[in-house]
Amino acid sequence: MSLTVWTVCGILSLFGALCYAELGTCIKKSGGHYTYILEAFGPLPAFVRVWVELLVIRPAATAVISLAFGRYILEPFFMQCEIPELAIKLITAVGITLVMVLNSTSVSWSARIQIFLTFCKLVAILIIVVPGVIQLIKGETQHFKNAFAGNDASVMGLPLAFYSGMYAYSGWFYLNFVTEEVENPEKNIPLAICISMIIVTVGYVLTNVAYFTTISAGELLLSKAVAVTFAERLMGNFSLAVPVFVALSCFGSMNGGTFAVSRMFFVASREGHLPEILSMIHVRKHTPLPAVIVLHPLTMIMLFNGDLYSLLNFLSFARWLFIGLVVAGLIYLRYKHPDMPRPFKVPLFIPALFSFTCLFMVALSLYSDPVNTGIGFAITLTGVPAYYLFIVWDKKPKWFRKLLDKVTVTLQILLEVIPPEEDQKS
């Protein structure tokens, strides 16, 4: 059943990526989800999207992948015993801080390190897939027999399975956050998205096939670090390399997510939907320093106050609600602006199926996990009064405007940041 979920989530992610490829080639602006909702549905939904990204989605998403990083980086030191949860969270906090420092220090170094970490991810997959294929050749297929026996495939369990699978594939929309920095986006965005999604889907499915050549479904559920359990049984002393490569892969996901989302905050600030300070860049390093570090305190709060699955449900409700809305916006734009240039165009059934699946799973999750998804829904709704209070209401008291100006100037001095227009002039 798990292989079916991985395959279905991979196909759905490919459909979503194809939809974003179309949006990226016809709307050549950075900002990803935020920009597309702004173009299709206007400023209120776009503001709510970036509001939820700032308060919920990005801090929780960073905390989730960082917890995996913390566990795997410590595995070589705790091979014979359980890793203390506090140790995982402390090393995770160090990892998050390193990512923030890296993205605040140098854009070029962040990009170079990301290339190296992507290579590490591919190596990690190959280290697992190759022994798995050898096991299959040897006839180790006992764990594939009666694959659907004993599975509790209840409808209420679908949202968590959907969220978990889609979260693993979820890097496919990050390229759209930096569209303005992509050369020849009409050609390179669809090409990069299609090639990467095929590689990732095949890689992830084969990785899970490899696991089942050595680990039973019950053992897999009990393992807190499946890659390590697999490596220990097949690779002997070389098994120590697996958690290191997996940790580097997780660190790459942390770095890539921070790099991309800081651009969304930058664009939203440029549009007047976030404080002006978030659109400023460092005077010497030319990095979006405020947009990067604003995430740090919220991520730390979520890291030390939540567990993996509650955080996943918490962030996934808002994330997939708005991704479903973005893809529904693609359909709407087909009718609203039929003459808009579309160098890359997907068949209509793809966005229809993808947006319906996302919105259906989001609605179902309100019943399967009402607490975490309910909190996410409530925080999402707070974006509506926040929009009217901070954006629409232009008759704010004079003292309040002066206070905001003073805070902005003070932060500019402390962080050594300036508006990008001033940087271009100098």
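Residues numbered from 1 in each chain as written. Predicted model: local features only at pLDDT ≥ 70, side-chain atom pairs only at ≥ 80, totals over all residues. Heavy atoms only, no water.

### Here's the deal with helix H14 (residues 349-368)
- The end-to-end C-alpha distance of H14 is 28 Å, a good match for the 28 Å that 20 residues give at a rise of 1.5 Å each.
- All of the buried residues in H14 are Ile350, Pro351, Phe354, Ser355, Thr357, Cys358, Met361, Val362, Leu364 and Ser365. (Helix = DSSP H or I, 4+ residues; strand = E, 2+ residues; numbered from the N terminus. Expected span 1.5 Å × (residues − 1). Buried < 20%, exposed > 50% of the residue type's maximum accessible area, 1.4 Å probe, protein only.)

### Digging into the pattern of salt bridges
- Taken as a whole and assessed by the stated rule, the structure comprises ten salt bridges.
- With its nearest N and O atoms 2.8 Å apart, the salt bridge here joins Glu22 to Arg334. Taken together, the residues span a long stretch of sequence, with Glu22 in helix H1 (residues 2-26) and Arg334 in helix H13 (residues 308-336) at a distance of 312 residues. Taken as a pair, Glu22 and Arg334 share a single burial class, namely buried.
- Salt-bridge contacts for Glu85 lead to Arg71; the nearest nitrogen and oxygen are separated by 3.1 Å. With Glu85 in helix H4 (residues 85-105) and Arg71 in helix H3 (residues 43-74), the pair connects residues that are 14 residues apart, well separated along the chain.
- Taking the relative accessible area as the measure of exposure, Glu85 reaches 42% and is therefore partly exposed.
- In this structure, a network of salt bridges that share partners links the residues Glu22, Arg334 and Arg342. (Salt bridge = Lys/Arg side-chain N within 4 Å of Asp/Glu carboxyl O.)

### With respect to the nonpolar core
- Ranked by internal contacts, the top residues of the largest apolar core, which has 121 residues, are Tyr20, Val52, Phe162, Trp172, Phe265, Trp320 and Phe354.
- Tallying contributions element by element places H3 first for this core, with 18 residues.
- Apart from the residues lying within four places of it in its own chain, the contact partners of Phe162 are Cys9, Leu12, Trp320, Thr357, Cys358 and Met361. (Core = buried A, V, L, I, M, F, W, Y, C linked by side-chain atoms within 4.5 Å. Contact = heavy atoms within 4.5 Å.)

### Points about the environment of Glu53
- Positionally, Glu53 belongs in helix H3.
- A residue is classified by how much of its surface remains accessible, and Glu53, at 2% relative accessible area, is buried.
- In this view, Glu53 contacts His33, Arg58, Pro59, Val261, Met264 and Phe265; residues no more than four positions away in its chain are not counted.

### Points about the packing of H14 against helix H15 (residues 370-381)
- Contact pair H14 / H15: the axes reach a minimum separation of 6 Å and the direction vectors enclose 125°. The angle between H14 and H15 falls in the class oblique. Read as a crossing pair, H14 and H15 show a hand that is left-handed. The residues of H15 that touch H14, namely those facing Ser365, Leu366, Tyr367 and Ser368, are Pro370, Thr373, Gly374 and Phe377. (Axes fitted to C-alpha atoms, helices over the stretch in contact; angles between N-to-C directions. Parallel < 35°, antiparallel > 145°, perpendicular 65-115°, else oblique. Left-handed = near helix turned anticlockwise from the far one by under 90°.)

### Side note on the layout of surface pockets
- Within this model, the second largest pocket holds a volume of roughly 730 Å³.
- In this structure, the second largest pocket is lined by 24 residues; those nearest its centre are Leu274, Pro275, Glu276, Phe390 and Leu404.
- When residues of the lining of the second largest pocket are traced back to their parent elements, those giving at least two are H3, helix H16 (383-392) and helix H17 (398-415).
- Per-element tally for the lining of the second largest pocket: the top contributor is H17, with seven residues. (1 Å grid on protein atoms, 1.4 Å probe; cavity = no way out; pocket = protein on both sides within 12 Å on 5 of 7 lines; lining within 4 Å. Points joined across faces, edges and corners; volume = space filled by probe spheres on them.)

### Observations concerning unusual backbone geometry
- Of note in the backbone geometry, Asn184 takes a positive phi value of approximately 50° without being a glycine.
- Mapped onto the fold, Asn184 is located in the loop between helix H6 (158-169) and helix H7 (185-212).
- A relative accessible area of 42% places Asn184 in the partly exposed class.
- The backbone of Glu416 sits at a positive phi, close to 60°, despite the residue not being glycine.

### A closer look at empty space enclosed by the protein
- One pass over the full model with this rule turns up one cavity of 30 Å³ or more.
- Lining the largest cavity are His33, Arg49, Glu53, Ile57, Arg58, Phe173, Tyr174, Phe177, Val261 and Arg319.
- The dominant element in the lining of the largest cavity, judged by the number of residues it contributes, is H3, at four residues.
- Looking at the lining of the largest cavity residue by residue, the class counts come to five nonpolar, one polar and four charged. (Nonpolar A, V, L, I, M, F, W, Y, C, P; charged D, E, K, R; others polar.)

### Topic: the confidence of the model for the protein
- Chain-level pLDDT for the protein is 84 on average; 94% of the residues reach the 70-or-more range.
- When pLDDT is averaged over each helix and strand of the protein, the minimum, 57, is found for helix H18 (residues 420-425) and the maximum, 92, for helix H2 (residues 33-41). (pLDDT = per-residue confidence, 0-100.)

### Some remarks on a nonpolar patch on the surface
- Taken together, the side chains of Trp399, Leu403, Val407, Leu411 and Leu414 present a nonpolar region at the surface, about 520 Å² in accessible area.
- Note on placement: Trp399 falls in helix H17.
- Under the relative-accessibility criterion, Trp399 is labelled exposed at 60%. (Patch = residues over 30% accessible without salt bridge, like charges linked within 9 Å, V, L, I, M, F, W, Y side chains within 5 Å. Areas by Shrake-Rupley, 256 points an atom, 1.4 Å probe, with all protein chains shown as cover.)

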